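Coordinate inspection notes
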Amino acid sequence: MRIDSYIEKLLFDYNCVVVPGFGAFLAHGKSAEIDVTTNTLVPPSKTISFNAQLSKNDGLLVSHIAKEKKLGYEELLQEVEEVSRSWKSKLEQGESIELFGVGKLWHNREQRIQFQPENKTNFLTSSFGLSAFSATPIQREVLKEEVEELEEKIPFIITPEKREQTSFRPWLKYAAVLFLAVSLGVTSYRTYGDLQQKQFAVQQEAQEQVSRLIQEATFFESDPLELPALNLDVTKKKLGKHHVIAGAFRMEENAEKRVEQLKSKGFNAFYLGINKYGLHQVAYDSFEDPKEALAFLKKVKTSESRDAWLLSEK
């Protein structure tokens with residue numbers, strides 16, 4: 001079964017697509033850029049990378065294929081895991097894997113998986129319809145240099161009449177600047193006077209409204225009704241910097257269900273938030289002391305789940 005077309009389709013809507021037992025394809029946003037060597041403008045896009053450590057099934061790929069083929073989840077999960085095993089076998093034998101629309105996978109000398117994205121498809125939906133294009137740079141004429149060259153070759157003769165006109169032009173410039181300054185001053189003074197009158201009218205109207213409301217108010221001689229004080233005890237859990245993670249889920253509803261399950265078992269579970277891969281994280285508990293967090297993690301691994309791990313904030 002070929003699953004590369006399903007991976008390509010999911011990368012348009014999700015930033016992390018996990019192939020169970022093999023690894024995850026990650027999409028990262030990339031801003032628009034200009035290639036100065038080819039004068040090409042490239043629109044915003046998503047760059048695709050591969051991480052072999054994220055191989056635990058999150059249900060996204062299998063659920064999508066099961067929905068498309070209208071088959072059972074468990075049956076499709078076995079087929080996808082079989083594809084993962086066949087991919088690993090090909091890589092170990094030195095072969096490469098071509099995933100159409102996604103990229104190419106192979107082993108390097110250290111037997112680590114290398115990935116080369118295809119870069120023919122823009123997975124960023126907001127850039128739909130935009131494509132890279134080349135533009136020819138504008139060749140501007142440097143007229144100043146040409147005039148200077150002409151001045152060196154051809155002498156210019158200025159007659160006395162032209163000198164008088166030349167000396168008269170700066171006075172016209174200064175007169176125009178003075179006239180503009182006077183005009184702006186008069187306009188600003190008129191605008192300021194109008195603004196002062198409007199502010200005075202608004203203040204007078206507000207004072208009249210307050211006086212009318214005070215005259216219409218009714219005061220009671222009897223003592224005001226005394227209400228009993230209400231005391232509420234609100235306790236808020238202060239989160240530490242070290243969280244023992246129970247899992248990460250693609251759907252927020254599944255994360256909330258996991259929190260309720262852990263709380264029913266006696267854990268101080270809570271919803272931690274969304275990580276950089278777009279997954280909703282759930283924690284067993286939070287600690288300020290890293291030693292307490294490690295001791296609790298060891299206890300959870302032996303009694304609850306071996307997949308628990310520690311997340312420490314800087």
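Criteria and thresholds
- Residues numbered from 1 in each chain as written.
- Predicted model: local features only at pLDDT ≥ 70, side-chain atom pairs only at ≥ 80, totals over all residues.
- Heavy atoms only, no water.
- Salt bridge = Lys/Arg side-chain N within 4 Å of Asp/Glu carboxyl O.
- Helix = DSSP H or I, 4+ residues; strand = E, 2+ residues; numbered from the N terminus.
- Buried < 20%, exposed > 50% of the residue type's maximum accessible area, 1.4 Å probe, protein only.
- Expected span 1.5 Å × (residues − 1).
- Arc of directions from axis to C-beta.
- pLDDT = per-residue confidence, 0-100.
- Contact = heavy atoms within 4.5 Å.
- Axes fitted to C-alpha atoms, helices over the stretch in contact; angles between N-to-C directions.
- Left-handed = near helix turned anticlockwise from the far one by under 90°.
- Nonpolar A, V, L, I, M, F, W, Y, C, P; charged D, E, K, R; others polar.
- Pairing = 2+ DSSP bridges.
- Phe/Tyr/Trp six-rings, centres within 6.5 Å; stacked < 30°, edge-to-face > 60°.

1. Thoughts on the pattern of salt bridges
- The final tally for this structure, using the stated rule, is 5 salt bridges.
- Measuring nitrogen to oxygen at the nearest pair gives 2.9 Å for the salt bridge that ties K56 to D307. Remark: D307 occurs in the loop between α7 (290-303) and β13 (309-312) and K56 occurs in the loop between β5 (45-51) and α2 (60-69); sequence separation between them is 251 residues.
- Assessed through its relative accessible area of 57%, K56 is described here as exposed.
- Take D307: its relative accessible area is 47%, and that puts it in the partly exposed class.

2. A few points about helix α3 (residues 73-92)
- Across its 20 residues, α3 extends 29 Å between first and last C-alpha, which sits within 8% of the 28 Å expected from 1.5 Å per residue.
- Residues of α3 that are buried: L76, L77, V80, V83, S84, W87 and L91. Buried positions in α3, seen along its axis, are confined to an arc of 120° and lie on one side of it. Facing away from the buried surface of α3 by more than 90 degrees, the exposed residues are E74, Q78 and E92.
- G94 lies just past α3 and shows a positive phi near 90°.

3. Observations regarding the confidence of the model for the protein chain
- Of all residues in the protein chain, 65% have pLDDT values of 70 or greater, and the mean over the chain is 77.
- Across residues 232-236, confidence stays below pLDDT 50; counting only partners more than four residues off in sequence or on other chains, it has 0 contacts.

4. Here's the deal with the packing of α2 against α3
- Relative orientation of the contacting elements α2 and α3 amounts to 120°, with a least axis distance of 9 Å. In this structure, α2 meets α3 at a crossing whose hand is right-handed. Along the contact surface, α2 presents L61, V62, S63, I65 and A66, while α3 presents Y73, L76, L77 and V80.
- Across the contact of α2 with α3, the residue classes break down as 8 nonpolar, 1 polar and no charged.

5. Here we look at the sheet that holds β5
- As summarised here, the arrangement of the 3 strands in space is β1-β2-β5, forming an open sheet in which the pairing is antiparallel. Each edge of the open sheet is held by one strand with a lone partner, namely β1 (16-19) and β5. On average, each strand axis in the sheet is inclined to that of its neighbour by 20°, with strand direction left out of account.
- Of the pairings in the sheet, the one linking strand β2 (residues 23-30) to β5 comprises 7 bridges and is antiparallel in character.

6. Observations regarding the pairing of β1
- Burial along β1 is two-sided: the residues C16 and V18 and V17 and V19 are all buried.
- Looking at chain direction, β1 and β2 are connected through 4 bridges and run antiparallel. Looking at β2, one finds that C16 is bridged to L26.
- In sequence, β1 turns back onto β2 through a hairpin of 3 residues, with G21 there showing a positive phi of about 80°.

7. A few points about unusual backbone geometry
- One non-glycine residue, K70, lies in the positive phi region at around 60°.
- You can see K70 is positioned in the loop between α2 and α3.
- On the basis of relative accessible area, K70 is assigned to the exposed category, the value being 75%.
- If you check the backbone angles, Q111 has positive phi at about 60° while not being a glycine.
- Note on placement: Q111 falls in the loop between β7 (103-107) and β8 (113-117).

8. A short note on the packing of aromatic side chains
- All chains considered together, the criterion is met by 8 aromatic pairs.
- Aromatic side chains F25 and F50 sit 5.1 Å apart centroid to centroid with 55° between the ring planes, which places their arrangement in the tilted category. Pair noted here: F25 is in strand β2 and F50 is in strand β5, with a separation of 25 residues, a long-range link. Here F25 matches F50 in class, with each residue buried.
- Between F267 and F296, the ring centres sit 6.3 Å apart and the planes meet at 80°, which makes this aromatic pair edge-to-face. Taken together, the residues F267 in the loop between α6 (252-264) and β11 (270-274) and F296 in helix α7 connect sequence positions 29 residues apart.
- Residue F267 is classed as buried on the basis of its relative accessible area, which comes to 17%.

9. Some details on the pairing of β7
- Here strand β6 (residues 97-99) pairs with β7 via 3 bridges, running antiparallel. Across the sheet, E98 pairs through a bridge with K104, a residue of β7.

10. Description of the sheet that holds β6
- Read from one edge of the open sheet, 3 strands run β6-β7-β8, paired in antiparallel fashion. The outermost strands of the open sheet, each flanked by one partner alone, are β6 and β8. On average, each strand axis in the sheet is inclined to that of its neighbour by 20°, with strand direction left out of account.
- Relative to β8, β7 runs antiparallel, the two being bridged by 5 bridges. From the neighbouring strand, K104 faces β8, where its bridge partner is Q116.
- Sitting on the sheet, α3 touches β6, β7 and β8, and the angle it makes with β7 is about 55°.

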